[in-house]
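Remarks on the overall topology
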Amino acid sequence: MSRTSAALQPPADAVKPARHPDAPVPGELLGAHYGQCFGCGGDQQQGLHLEARAGEGVSLTAEFTVQPAHQGAPGLAHGGVLATALDETLGSLNWLLRTIAVTGRLETDFVRPVPVGTTLYLEAEVTAVAGRKIYSTATGRVGGPDGPVAVRADALFIEVKVDHFVDHGRQEEIQAAMNDPDQVRRARAFEVNP
């Protein structure tokens, strides 16, 4: 990023992130963490339907195609939608750490417009961990994975316990997610939202 704030600079005692031994293998599609998630969920008709794949180390790649419902100015992606795509991508990194975390801070740079119909190619990685704080960065490109940079972000995620979601979420959705017989889906439902 051009001018990352001090809040997104890892402290001197931060450590290099370590991929969890049970993390998905490089190239594996991560899938939606929750069907109703606007960023990755398949049950959200107007959602981003972002698809992320595990990369090497604590990194991943992701893609989403800007639909007409995602526009702000005529024919261009809404900046908030692009920020959501970055947040979703960065949040998905926590699955590689097998850590439940929420967005604490997200700083974005909008470098060039992203037209409707364009696929945004995202790359993200965790850069450092300090206690409960997880520092990460992402870049979004248009025209292909090596195309020009359109957006980028730095983020700080904070590790939380599942109680964070139970205490603050709507009870019907919390109970439905907790009753899911699929243990992986049940765990992933509570991984990235603030």
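Below is a short write-up of the structure. What you are looking at is a predicted structure, and each value in this text was computed from that prediction instead of being measured. All chains use their own residue numbering, which begins from 1 and follows the written sequence. Local features are withheld for residues below a pLDDT of 70 in this predicted model, meaning they are given only at 70 or higher, and side-chain atom pairs are given and counted only at 80 or more; totals for whole chains, interfaces and linings count all residues. Only hydrogens and water are set aside; all other atoms, that is, all heavy atoms of the structure, feed into the side-chain values.

1. Quick word on the overall build of the protein
The condition that has to hold: A run of H or I in DSSP becomes a helix once it reaches four residues, and a run of E becomes a strand once it reaches two; helices and strands are each numbered from the N terminus. Residue exposure (1.4 Å probe, protein chains only): buried if accessible area is under 20% of the type maximum, exposed if over 50%, otherwise partly exposed. In this analysis, two residues are considered to be in contact whenever any of their non-hydrogen atoms come within 4.5 Å of each other. Calculation of accessible area relied on Shrake-Rupley with a 1.4 Å probe; when residues are assessed, cover is drawn exclusively from the protein chains displayed.
Each helix and strand counted, the protein has 5 helices and 6 strands in total. Across the 194 residues that make up the protein, the buried fraction comes to 43%. A separation threshold of at least 6 residues defines the contact pool for the protein, and within that pool the share at least 24 residues apart is 66%. Looking at the protein as shown, the accessible area adds up to about 9800 Å², and 50% of this sits on carbon and sulfur atoms.

2. A closer look at unusual backbone geometry
Here R98, not a glycine, exhibits a phi torsion of approximately 60°, which is positive. With respect to the element layout, R98 can be found in the loop between α2 (94-97) and β3 (101-110).

3. Structural notes on the environment of L156
Mapped onto the elements of the fold, L156 is located in strand β6 (residues 149-159). Contact partners of L156, with chain neighbours within four places excluded, come to A7, L8, V102, T103, G104, R105, K133, I134 and Y135.

4. Some details on the sheet that holds strand β5 (residues 133-142)
Here is the rule: DSSP calls a pair of strands paired once it identifies at least 2 bridges connecting them. Structural elements are reduced to axes, namely lines fitted to C-alpha atoms, with helices fitted over the stretch in contact, and the angle between N-to-C directions of any two is expressed from 0 to 180 degrees.
As summarised here, the arrangement of the 6 strands in space is β1-β2-β4-β5-β6-β3, forming an open sheet in which the pairing is antiparallel. Two strands bound the open sheet, and with one partner strand each, they are β1 (51-54) and β3. If you compare each strand with its neighbour and ignore which way they point, the axes differ by 20° on average. Relative to strand β2 (residues 59-65), β1 runs antiparallel, the two sharing 4 bridges. Within β2, the residue paired with A52 across the bridge is A62.

5. With respect to the nonpolar core
A general tendency of soluble globular proteins is for nonpolar side chains to be buried together. Definition in use: Residues belong to a common nonpolar core when they are buried Ala, Val, Leu, Ile, Met, Phe, Trp, Tyr or Cys residues joined through side-chain atoms within 4.5 Å.
Membership of the largest hydrophobic core comes to 36 residues, with the highest contact counts inside it found for L50, F64, L90, V114 and L120. Counting only elements with at least two residues in this core, the list comes to β1, β2, α1 (79-92), α2, β4 (119-130), β5 and β6. Leaving out residues up to four positions away in the same chain, F64 has contacts with L48, L50, H70, V81, L82, A85, T118, T119, L120 and L122. In terms of nonpolar packing, the next biggest core, distinct from the first, is built from 8 residues, L8, V102, Y135 and V160 among them.

6. Thoughts on the pairing of β2
The hairpin turn running from β1 into β2, its antiparallel successor, is 4 residues long, and G57 in that turn takes a positive phi close to 60°. In this sheet, β4 lies alongside β2 in antiparallel orientation, the contact comprising 7 bridges. The partner of L60 across the bridge, within β4, is A124.

7. Things to note about the packing of aromatic side chains
We count it as follows: In summary, the pairing rule links any two rings of Phe, Tyr or Trp, Trp by its six-membered ring, whose centres are within 6.5 Å, and it sorts them by plane angle into stacked for under 30 degrees, edge-to-face for over 60 and tilted for everything else. In this analysis the charged atom, NZ for Lys or CZ for Arg, is taken to sit over a ring once it is within 6 Å of the ring centre and within 35 degrees of the ring normal.
Taken as a whole and judged by the stated rule, the model has 0 aromatic pairs. In this structure, R98 packs its charged tip against the face of W95, placed 4.3 Å from the ring centre.

8. Structural notes on the pairing of β4
Both β4 and β5 contribute to a ladder of 10 bridges, which runs antiparallel. Across the sheet, the residue bridging to A130 is K133, located in β5. Linking β4 to β5, which pair antiparallel, is a turn of 2 residues; within it G131 sits at a positive phi near 60°.

9. So, the pattern of salt bridges
Should the charged atoms of two oppositely charged side chains come close, the side chains can pair. Condition: A carboxyl oxygen of Asp or Glu within 4 Å of a side-chain nitrogen of Lys or Arg is what we treat as a salt bridge.
Enumeration according to the criterion identifies 2 salt bridges in this entry. Put simply, R105 and E107 hold a salt bridge, and the shortest N to O gap is 3.0 Å. By relative accessible area, which is 37% here, R105 ends up partly exposed. Classification of E107 by relative accessible area gives buried; the value is 13%. Across the pair D109 and R152 runs a salt bridge whose closest N-O atoms are separated by 3.5 Å. You can see D109 sitting in strand β3 and its partner R152 sitting in strand β6, a full 43 residues away along the chain. The partly exposed category is assigned to R152, whose relative accessible area is 27%.

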